[in-house]
Amino acid sequence: MLLGLSASELWDISAKSTEVVANLSELYTWVTTYGEGDKIVSVHIADNHAVIRRYVELGGFPVNWITQVAAVIGPAIEKK
């Protein structure tokens, strides 16, 4: 159980996130969210931190930190 939330509560959070994204005037993509125990990490694409902060405020979501990804590595990345 993630953060002690039921499947229904997690669905409600997901629906709220989708609603907030749909109503943002800025370009914004919620890619995915990973969770384990009492931790959640979300991946979002936005032009800057301010857009993500706006999303967080409108959704009422708790956030401890926002960081920019400098590089992506993994098996799907092609050598050039």
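See the structure above.
Analysis parameters
Residues numbered from 1 in each chain as written. Predicted model: local features only at pLDDT ≥ 70, side-chain atom pairs only at ≥ 80, totals over all residues. Heavy atoms only, no water. Pairing = 2+ DSSP bridges. Helix = DSSP H or I, 4+ residues; strand = E, 2+ residues; numbered from the N terminus. Phe/Tyr/Trp six-rings, centres within 6.5 Å; stacked < 30°, edge-to-face > 60°. Buried < 20%, exposed > 50% of the residue type's maximum accessible area, 1.4 Å probe, protein only.

Visitor: Please provide a residue-by-residue account of the pairing of strand S1 (residues 28-36), values included.
Guide: In summary, the side chains of a regular strand alternate between the two faces of the sheet. Of the pairings in the sheet, the one linking S1 to strand S2 (residues 39-46) comprises eight bridges and is antiparallel in character. Paired with Gly 35 across the two strands is Ile 40, which belongs to S2. Connecting S1 to the antiparallel partner S2 that follows it, the hairpin turn spans two residues, and Gly 37 within it adopts a positive phi of roughly 60°.

Visitor: Could you give me a rundown of the packing of aromatic side chains, with the residues and numbers involved?
Guide: Under the counting rule described, the total for this entry stands at two aromatic pairs. With 4.9 Å between their ring centres and 25° between their planes, Tyr 28 and Tyr 55 make a pair best called stacked. Of this pair, Tyr 28 sits in strand S1 while Tyr 55 sits in helix H2 (residues 49-59), and the two are 27 residues apart along the sequence. With respect to class, Tyr 28 is no different from Tyr 55; both count as buried. When the centroid spacing of 5.2 Å and the interplanar angle of 35° are considered together, the rings of Tyr 55 and Phe 61 count as tilted. In terms of burial, Tyr 55 and Phe 61 fall into one category: buried.

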